[in-house]
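Read off the chains here:
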Amino acid sequence: MTSSTPEIFTATSAYSLAGVAAIAVIATTGAKVLLPKNARWQDSFTFIWLTFDALIHFSFEGSFLYLSTFGRTVNSSVGPFAELWKEYTRADARWGVSDPTVVSLEILTVLGAAPMCCYIIRQIVKDDPARHYWIIVLSTAELYGGWMTFCPEWLTGSPSLDTSNPLYLWVYLVFMNVIWVAIPLWLMWDSYGHISGSLRRAQAVQKVKKN
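Going by the annotation in an unreviewed UniProt entry, the name recorded for the chain is Emopamil-binding protein, with Rhizopogon vinicolor AM-OR11-026 given as the source organism. In UniProt, the chain has this text filed under Subcellular location (unreviewed entry): "Membrane". According to its UniProt record, the chain has this under Sequence similarities (unreviewed entry): "Belongs to the EBP family."

Okay, structure coming up:
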């Protein structure tokens with residue numbers, strides 16, 4: 001007798017997660033190639049994260065944006081990226097039907113946040129301290145995007161979310177979203193320390209000069 005229970009971990013699940021892992025490897029390799037060996041671990045980590053962030057936005061989320069605009073939807077599309085996103089819709093159905101809130105946020109993410117990541121990466125390579133301002137701007141946008149992705153859903157009782165199994169809940173919904181909360185918060189804290197420290201040192205120098 002065949003079971004009607006749908007398969008949870010599929011081939012699409014495997015190649016989707018493998019794609020994420022491959023992007024992480026590319027980001028790590030980029031840091032080793034482009035940053036000096038004596039770079040601060042914080043700068044290396046920031047470089048890796050922003051490279052990973054940009055590649056995810058351009059490739060995965062860029063494909064979602066293409067599949068979800070001008071009358072298209074993920075659910076009605078075919079191809080590797082359509083199958084990837086159909087896999088994610090098993091956890092959050094809004095991504096399959098071109099939900100206007102989700103698509104609006106992804107427009108800002110793909111066309112705004114991703115290029116900003118690249119700009120900050122360039123600043124890190126050049127060791128430009130101005131990057132800390134843009135890191136705070138980007139991190140604030142990432143946190144706002146995460147909040148606006150899920151808060152409307154929570155306020156309506158989460159009708160589109162499926163938390164019935166560990167893969168959907170802990171990998172797709174929790175892990176793949178919480179990292180865009182935890183890491184931006186850390187980046188903001190690190191950059192705040194650089195900016196506030198520089199301003200306080202500059203203020204102390206000015207006080208000495210006046211005396």
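From this point, the discussion proceeds with the structure in view.
K.L.:
Pulling in residues and values, what's your account of the overall build of the chain?
P.N.:
The helix and strand inventory of the chain stands at six helices and zero strands. Each helix and strand of the chain, ordered N terminal to C terminal, gives the series α-α-α-α-α-α. Projecting the C-alpha coordinates of the chain onto the three principal axes gives extents of approximately 85 × 40 × 35 Å. By residue count, 42% of the 211 residues in the chain fall in the buried class.

K.L.:
Break down the UniProt feature "domain: EXPERA" (unreviewed entry) in the chain for me, citing the residues and quoting the values.
P.N.:
According to UniProt, the feature "domain: EXPERA" (unreviewed entry) maps to residues 42-188 in the numbering used here. Across residues 42-188, helical content stands at 75% and strand content at 0%; the span's end C-alpha atoms are separated by 12 Å.

K.L.:
Could you give an account of a nonpolar patch on the surface, naming the residues involved and the relevant values?
P.N.:
A surface patch of nonpolar side chains, amounting to about 270 Å² of accessible area, comprises Val-33, Leu-34 and Val-125. Along the chain, the position of Val-125 falls in helix 4 (residues 100-125).

K.L.:
Which residues make up the layout of surface pockets, and what values do they have?
P.N.:
The computed volume of the largest pocket comes to approximately 710 Å³. Glu-61, Trp-95, Glu-106, Met-176 and Asn-177 are the residues nearest the centre of the largest pocket, which is lined by 31 residues in total. Elements supplying a minimum of two residues to the lining of the largest pocket: helix 1 (11-34), helix 2 (41-67), helix 3 (80-89), helix 4, helix 5 (131-155) and helix 6 (166-210). At eight residues, the largest contribution of residues to the lining of the largest pocket is made by helix 5. Approximately 270 Å³ is the volume attributed to the second largest pocket. Lining the second largest pocket are 14 residues, with Phe-150, Trp-154, Leu-173, Asn-177 and Val-178 sitting closest to its centre. When residues of the lining of the second largest pocket are traced back to their parent elements, those giving at least two are helix 5 and helix 6. Among the elements that take part in the lining of the second largest pocket, helix 6 stands out by supplying six residues, more than any other.

K.L.:
Describe the pattern of salt bridges, listing the residues and the values that go with them.
P.N.:
Inspection of every chain in the model, using the stated rule, returns eight salt bridges. Among the ionic pairs, Lys-86 bridges to Glu-83, the shortest N-O distance being 3.5 Å. Here the residue Lys-86 and the residue Glu-83 both occupy positions in helix 3, the gap between them amounting to three residues, near one helical turn. A salt bridge links Glu-153 to Arg-94, with the shortest nitrogen-to-oxygen separation between them at 3.7 Å. One end of the pair, Glu-153, is in helix 5; the other, Arg-94, is in the loop between helix 3 and helix 4, with 59 residues separating them in the sequence. One connected set of salt bridges, linked through shared partners, spans Arg-40, Asp-43, Asp-127, Arg-131 and Asp-190.

K.L.:
Break down the side chain of Ser-63 for me, with residues and values.
P.N.:
Here Ser-63 shows up in helix 2. Sequence-distant contacts of Ser-63, defined by excluding residues within four places in its chain, comprise Phe-58, Phe-81 and Trp-85.

K.L.:
How would you explain the UniProt feature "transmembrane region" (unreviewed entry) in the chain if you had to name every residue and give the values?
P.N.:
Taking the numbering used here, the UniProt-annotated feature "transmembrane region" (unreviewed entry) corresponds to residues 12-35, 47-67, 133-155 and 167-189. Helix makes up 96% of residues 12-35 and strand 0%, and the two end C-alpha atoms of the span are 34 Å apart. Helix makes up 100% of residues 133-155 and strand 0%, with an end-to-end C-alpha separation of 33 Å.

K.L.:
Can you break down the nonpolar core residue by residue, with the values?
P.N.:
Grouped together as the largest cluster of nonpolar side chains are 43 residues, with contacts concentrated most on Trp-49, Leu-50, Phe-52 and Trp-85. Contact partners of Trp-49, with chain neighbours within four places excluded, come to Ile-179, Trp-180, Ile-183 and Leu-187.

K.L.:
Go over the side chain of Asp-92, please, and point to the residues and values.
P.N.:
Along the chain, Asp-92 turns up in the loop between helix 3 and helix 4. Owing to a relative accessible area of 0%, Asp-92 belongs among the buried residues under this scheme. Residue contacts for Asp-92: discarding those within four places in its chain leaves Phe-150, Ser-160, Leu-161 and Leu-173.

The rules behind the values
- Residues numbered from 1 in each chain as written.
- Predicted model: local features only at pLDDT ≥ 70, side-chain atom pairs only at ≥ 80, totals over all residues.
- Heavy atoms only, no water.
- UniProt positions renumbered as here; feature names shortened; annotations may be inferred.
- Helix = DSSP H or I, 4+ residues; strand = E, 2+ residues; numbered from the N terminus.
- Buried < 20%, exposed > 50% of the residue type's maximum accessible area, 1.4 Å probe, protein only.
- Patch = residues over 30% accessible without salt bridge, like charges linked within 9 Å, V, L, I, M, F, W, Y side chains within 5 Å.
- Areas by Shrake-Rupley, 256 points an atom, 1.4 Å probe, with all protein chains shown as cover.
- Salt bridge = Lys/Arg side-chain N within 4 Å of Asp/Glu carboxyl O.
- 1 Å grid on protein atoms, 1.4 Å probe; cavity = no way out; pocket = protein on both sides within 12 Å on 5 of 7 lines; lining within 4 Å.
- Points joined across faces, edges and corners; volume = space filled by probe spheres on them.
- Contact = heavy atoms within 4.5 Å.
- Core = buried A, V, L, I, M, F, W, Y, C linked by side-chain atoms within 4.5 Å.

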